[in-house]
Every structure is written in C-alpha cells, then in structure tokens.
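# Report on the structure
Residue strings, one per chain:
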Amino acid sequence: MFGRQLQNKIKELQEMEEDLRRLNEGAEIDKEKMMKKMDKLWKMIMNHELKKKNEMMWKCNVLCMVVIG
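Scoring rules and cut-offs
- Residues numbered from 1 in each chain as written.
- Predicted model: local features only at pLDDT ≥ 70, side-chain atom pairs only at ≥ 80, totals over all residues.
- Heavy atoms only, no water.
- Helix = DSSP H or I, 4+ residues; strand = E, 2+ residues; numbered from the N terminus.
- Rg over C-alpha atoms; globule rule 2.2 N^0.38 Å.
- Buried < 20%, exposed > 50% of the residue type's maximum accessible area, 1.4 Å probe, protein only.
- Areas by Shrake-Rupley, 256 points an atom, 1.4 Å probe, with all protein chains shown as cover.
- Salt bridge = Lys/Arg side-chain N within 4 Å of Asp/Glu carboxyl O.
- Patch = residues over 30% accessible without salt bridge, like charges linked within 9 Å, V, L, I, M, F, W, Y side chains within 5 Å.
- Disulfide = S-S within 2.5 Å.

### Considerations on the overall build of the protein
The secondary structure content of the protein amounts to one helix and zero strands. Over its C-alpha trace the protein gives a radius of gyration of 30 Å, far above what one expects of a compact globule, namely 11 Å for 69 residues. Projected onto its principal axes, the C-alpha coordinates of the protein cover approximately 100 × 10 × 5 Å. Taking all 69 residues of the protein together, 0% fall into the buried category. With the model as given, the accessible surface of the protein reaches about 7200 Å², and the carbon-plus-sulfur share is 64%.

In structure tokens, the structure reads:
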C-alpha cells in the first residue's frame, strides 16, 4: 500500500515537473518576443532622436548662413 502511494506521488511530481518545464519554455519564448519588440522600439526611438538632431542642425546652419550673409 505504501509503495503504491509512493508511486502515485512520484508520478504526480513528474507531471508537475513536466508542466513547469512547458511553462518555462513558454516564458523563454515570450521573453525572446519581448526582447525583439524592445529592440525594435529602441531603434525607432533612436531614429526619431537622430531626425530631431538633424533637423536642429539644419536650422542652426540656415540661421548661421542668414546671420553671416
């Protein structure tokens, strides 16, 4: 009787381990997707900042030409 209970407990723990393994794999996939999205967002932000800096430089150059000229 004790042997059967022990076997059932072992089986239950193995099933729990497999469930945890699947959850961990899903979390890793979600993590990779999130990292890709964050990278894409970061690139968009940096591109926007670069455009703003370029626009500001262009305006400064025009202003300098007007003042000098």
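Having seen the model, we can carry on.
### A look at the pattern of salt bridges
Scanning the model with the defined rule gives eight salt bridges in all. A salt bridge links Lys 59 to Glu 55; its shortest N-O distance comes to 3.1 Å. Of the two residues, Lys 59 and Glu 55 are both situated in helix α1 (residues 2–68); the distance of four residues between them amounts to about one turn of the helix. Residue classification places Lys 59 among the partly exposed residues on the basis of a relative accessible area of 45%. One salt-bridge network, held together by shared partners, links Glu 17, Glu 18, Asp 19, Arg 21 and Arg 22.

### Some thoughts on a nonpolar patch on the surface
Residues Leu 41, Trp 42, Met 44, Ile 45 and Met 46 make up a contiguous nonpolar surface patch of roughly 520 Å² in combined accessible area. Inspection of the secondary structure assignment puts Ile 45 in helix α1.

### Considerations on the environment of Lys 40
Turning to its location among the elements, Lys 40 is positioned in helix α1. Separated by 25 residues in the primary sequence, Lys 40 and Glu 15 have C-alpha atoms spaced 38 Å apart.

### Details of the environment of Glu 49
With respect to the element layout, Glu 49 can be found in helix α1. Residues Glu 49 and Lys 31, 18 residues apart in the sequence, show an inter-C-alpha distance of 27 Å.

### Here's the deal with the state of the cysteines
Taken as a whole and judged by the stated rule, the model has zero disulfides. Cys 60 forms no disulfide, and the closest cysteine sulfur to it belongs to Cys 64, at a distance of 6.5 Å. Since its relative accessible area comes to 43%, Cys 64 is described here as partly exposed.

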